[in-house]
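Letter by letter, the chains look like this.
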Amino acid sequence: MKISKKLIVLLIVLFKITMYSQNGKVIKIKDGDTIVIIDSLNIQTTIRLAEVDCPESSQPFGKQAKKYTSDEVGLKNVTYEIIGKDRYNRIIAKVFYDGKYLSKEIIKNGYGWHYKQYSTSKELAELERIAKEKKLGLWIDKKPIEPCIYRQNNKILRMGRH
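Predicted model, so just to flag it, every value in this text is computed and none were measured.

Caption draft 1: Main features of the overall build of the protein. For the protein, the count of helices and strands is five helices and eight strands. Each helix (α) and strand (β) of the protein, taken in turn from the N terminus, gives the series α-β-β-β-β-α-β-β-β-α-β-α-α. Looking at the protein as a whole, 36% of its 162 residues are labelled buried. Pairs at least 24 residues apart make up 59% of the contacts formed inside the protein by residues separated by at least 6 positions. Approximately 10,700 Å² of the protein is accessible, and the part contributed by carbon and sulfur atoms is 57%.

Encoded structure:
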């Protein structure tokens, strides 16, 4: 039996799609940029959203960012594409629902920063600029503190207490 090159290419593409694209139901929102998904095998996976950094829960707008993410995907079936792991061993993924990309919606509505340290998306950078201009979500704050800076400052404060 001879297998054509087109069939081999098609099989490779399908394998890559199924390998990197997965489905599950969102069962928990940890914060604005971290969710927990359960798959068809009842395996729970914590996912850190790619390309976005939301305020920490203790920061201004942290609770609003969590609520926004919950309103968008809480208890919904989603598709996600794994792009890597972070230093806490959480899966980093692009999450899609209802034909939308979650990180994009969070940035567009002002509930998170475009995580430029890990993303070069011009579209997300532009959506952040527009959200700032329109003073959406956290951008009504005169001097919002990026979560990465907030985390660094808290780490320094904790180290100083010892």
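Structure shown, so let's carry the discussion forward.
Caption draft 2: Region of interest: the side chain of E51. Turning to its location among the elements, E51 is positioned in the loop between β3 (44-49) and β4 (52-53). Within the structure, the side chain of E51 is placed 2.8 Å from the side chain of S119, a separation counted as a polar contact. Every residue in contact with E51, bar those within four places of it in the chain, is listed here: K94, Y101, I107, W113, H114, Y115, S119, S121 and L124.

Caption draft 3: Representation of a positive patch on the surface in the model. Together, K28, K30, K63 and K66 give the surface a local cluster of positive charge. When residues of the positive patch are traced back to their parent elements, those giving at least two are β1 (21-31) and α2 (62-73). With respect to the secondary-structure elements, K63 resides in helix α2. On the basis of relative accessible area, K63 is assigned to the exposed category, the value being 62%.

Caption draft 4: Region of the structure containing the nonpolar core. Core analysis: the largest hydrophobic core is formed by 25 residues, its most contacted members being I35 and V95. Broken down by secondary-structure element, the contributors of at least two residues to this core are β1, β2 (34-38), β3, α2, β5 (77-85), β6 (91-97), α3 (102-108) and α4 (122-134). Looking at this core, the element that brings in the most residues is β6, giving five residues. Contact partners of V95, with chain neighbours within four places excluded, come to I35, I47, L49, V78, T79, Y80, K100, Y101 and L102. Counting residues in hydrophobic clusters, the runner-up holds five residues, among them F61, W113, L138 and W139.

Caption draft 5: Representation of unusual backbone geometry. Even without being a glycine, F61 presents a positive backbone phi close to 75°. Within the secondary structure, F61 is located in the loop between β4 and α2. Positive phi, close to 55°, is recorded for K135, a residue that is not glycine.

Caption draft 6: Molecular detail of α2. The terminal C-alpha atoms of α2 lie 17 Å apart, and with 12 residues this matches the ideal 16 Å at 1.5 Å per residue to within 8%. Restricting attention to buried positions, one finds in α2 the residues G62, A65, Y68, T69, E72 and V73. Projected onto a plane normal to the axis of α2, the buried residues spread over an arc of 125° and lie on a single side. Facing away from the buried side of α2 by more than 90 degrees, the exposed set consists of K63 and K67. Where α2 is buried, its residues touch β1, β2, β5, β6, β7 (100-101) and α3.

Caption draft 7: Structural detail: the side chain of Q59. Mapped onto the secondary structure, Q59 falls in the loop between β4 and α2. For Q59, a relative accessible area of 6% puts it in the buried group. A distance of 2.8 Å separates a polar side-chain atom of Q59 from the backbone nitrogen of E56. Setting aside anything within four residues of it in sequence, one finds Q59 in contact with I145, E146, P147 and Y150.

Definitions and cut-offs
- Residues numbered from 1 in each chain as written.
- Predicted model: local features only at pLDDT ≥ 70, side-chain atom pairs only at ≥ 80, totals over all residues.
- Heavy atoms only, no water.
- Helix = DSSP H or I, 4+ residues; strand = E, 2+ residues; numbered from the N terminus.
- Buried < 20%, exposed > 50% of the residue type's maximum accessible area, 1.4 Å probe, protein only.
- Contact = heavy atoms within 4.5 Å.
- Areas by Shrake-Rupley, 256 points an atom, 1.4 Å probe, with all protein chains shown as cover.
- Polar contact = N/O pair within 3.5 Å; in protein donor to acceptor, adjacent residues only side chain to side chain.
- Patch = residues over 30% accessible without salt bridge, like charges linked within 9 Å, V, L, I, M, F, W, Y side chains within 5 Å.
- Salt bridge = Lys/Arg side-chain N within 4 Å of Asp/Glu carboxyl O.
- Lys, Arg positive; Asp, Glu negative; His and termini not counted.
- Charge placed at Lys NZ, Arg CZ, Asp CG, Glu CD.
- Core = buried A, V, L, I, M, F, W, Y, C linked by side-chain atoms within 4.5 Å.
- Expected span 1.5 Å × (residues − 1).
- Arc of directions from axis to C-beta.

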